[in-house]
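Fold and geometry: a report
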Amino acid sequence: MSQPQVVALTRSKSPAIPRNCTFDTRDWEILSRYWHPVAFSADLLDKPLSVTLLDEPLVVYRAHGRVVAARDVCPHRGAPLSRGWVHNDQLVCPYHGLEYEASGRCSHIPSQPEGPIPERLCLTTYAAQEAYGLVWVSLGGGEMPLPDFPAWNTEGFQQILPPSIDIRASAGRQTEGFIDVAHFAWIHHDSFADRRNPVVPQYSVERRENGLRAEYVSTVSNFPKSMQHRAPEGYLWRRVFEVDVPFFARLTVHFPENGRLAILNAASPVSARHTRLFVPIARNFDHDLPLDDVYAFNRQVFEEDRAIVELQCPEDLPIDRSLEAPILADRSSGAYRRALGEIGLGQSYVR
Ligand code: FES
Ligand SMILES: [Fe+2]
């Protein structure tokens, strides 16, 4: 597929650490270089949206048909621009009506239409783009490539966008939970797995430049309990996990009869303790079944994860693996933590 176009850029200088930043400063700077999802494209209509990424309040909106992201603070007197509106592709501040172009430059001051426009009346804008049904923002200039999710744009695959899920936990803990195969029998006993089938067969993990690839073959069905009769007795389920640091994880599940289900676990770090999880799904089968059933199953599975991930301690993912007690089944999470460590995260992750 072609890479989505980056539509609003950029600042060359390093972004400022937000007020009330909950991350370690170095971690924040590293995370700011990557792309993170902040909203559904379909929710971005004619009104600006208020979202938060890495503790930075953002306004996102459309101008000239493109998505724009800026710091949600008017440089005039600090009002939130997300409470304003878009008029003729200009973002209008609700307090004194100043208007801003997509570049961030102020274009109109209603109280002094003929007067000069000070240069300092300029928004802090960020790189933004749309892909996989989501709006992605990079606070640090958007120089890193957005990881690929090829199934999304593959012919014959249905695109499904379940609602997002807010989790009171770090994005690292959530992402590691997504690739953890040893918890299926326990946490997902009610939805698709079985406590009587807890053994994790040997599986392979390969480190990649930006993360890892793990291939896991087991008898754990990926159908909801009510549909498990659809797989032949003893069917071996192949699950391929591919992670791009920091929080982008693709899972491809091989269903019977060449069915493929691709799930993108896109964990957005709202703060160090709050994650907004987006889960675009693409599949090449069951196109005629109601999507409400997919949403309900997806919600059930991720709620099961949420219930435990929100309770893990410490809240941050310990990059130093000696701080916890890994077992053999944790091969993929070990590789994930190493990959996070290699980009410099976690020097003071545990607080
Ligand atoms: S605070 Fe935005 S126009 Fe005054
Ligand atoms: Fe899970």
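Refer to the structure printed above.
Here's the deal with the nonpolar core
The tendency in soluble globular proteins is for nonpolar side chains to be buried as a group. Ranked by internal contacts, the top residues of the largest apolar core, which has 67 residues, are V137 and F241. Tallying contributions element by element places helix α4 (residues 291–309) first for this core, with 5 residues. Of the domains in this structure, domain 1 (25–138) and domain 2 (150–342) are the two that each give at least three residues to this core. When sequence neighbours within four positions are dropped, the list of residues in contact with V137 reads Y34, W35, H36, V38, L53, L58, A69, Y126, A127 and A128. With 17 residues, the next largest nonpolar core counts F40, L134, F149 and A262 among its residues.

Focus on the coordination of the iron ion (ligand 2)
Donor atoms from the polypeptide that bind the iron ion (ligand 2) are H183 (NE2), H188 (NE2), D305 (OD) and D305 (OD), placed at 2.1 to 2.7 Å. Here the iron ion (ligand 2) is ringed by 4 donor atoms whose angles at the metal span 53 to 147 degrees, and the overall shape comes out irregular. Binding-site remark: the iron ion (ligand 2) is held by donors from one chain whose sequence spacing is H-x4-H-x116-D. We classify H183 as buried; its relative accessible area is 11%.

Points about the environment of P37
Tracing the sequence through the fold places P37 in strand β1 (residues 36–40). Its relative accessible area of 2% is what places P37 among the buried residues. In this structure the C-alpha to C-alpha distance between P37 and L317, which are 280 residues apart in sequence, comes to 20 Å. Once residues within four sequence positions are removed from consideration, P37 is found in contact with L134, V135, W136, A266, S268 and F278.

A short note on the sheet that holds strand β3 (residues 56–63)
One open sheet accounts for 6 strands, arranged β1-β10-β9-β4-β3-β2; its pairing is antiparallel. Either end of the sheet is taken by a strand with one partner, and the two such strands are β1 and β2 (49–53). When the angles between neighbouring strand axes are averaged without regard to direction, this sheet yields 35 degrees. Note: β2 against β3, 5 bridges, orientation antiparallel.

Conventions we followed
- Residues numbered from 1 in each chain as written.
- Chains lettered and ligands numbered in written order.
- Predicted model: local features only at pLDDT ≥ 70, side-chain atom pairs only at ≥ 80, totals over all residues.
- Heavy atoms only, no water.
- Core = buried A, V, L, I, M, F, W, Y, C linked by side-chain atoms within 4.5 Å.
- Buried < 20%, exposed > 50% of the residue type's maximum accessible area, 1.4 Å probe, protein only.
- Helix = DSSP H or I, 4+ residues; strand = E, 2+ residues; numbered from the N terminus.
- Domains from an automatic or database assignment.
- Contact = heavy atoms within 4.5 Å.
- Donors = N, O, S within 2.8 Å, 3.2 Å for Na, K, Ca; no water.
- Tetrahedral: all angles 85-135°; square planar, octahedral: opposite > 155°, others 65-115°.
- Pairing = 2+ DSSP bridges.
- Axes fitted to C-alpha atoms, helices over the stretch in contact; angles between N-to-C directions.

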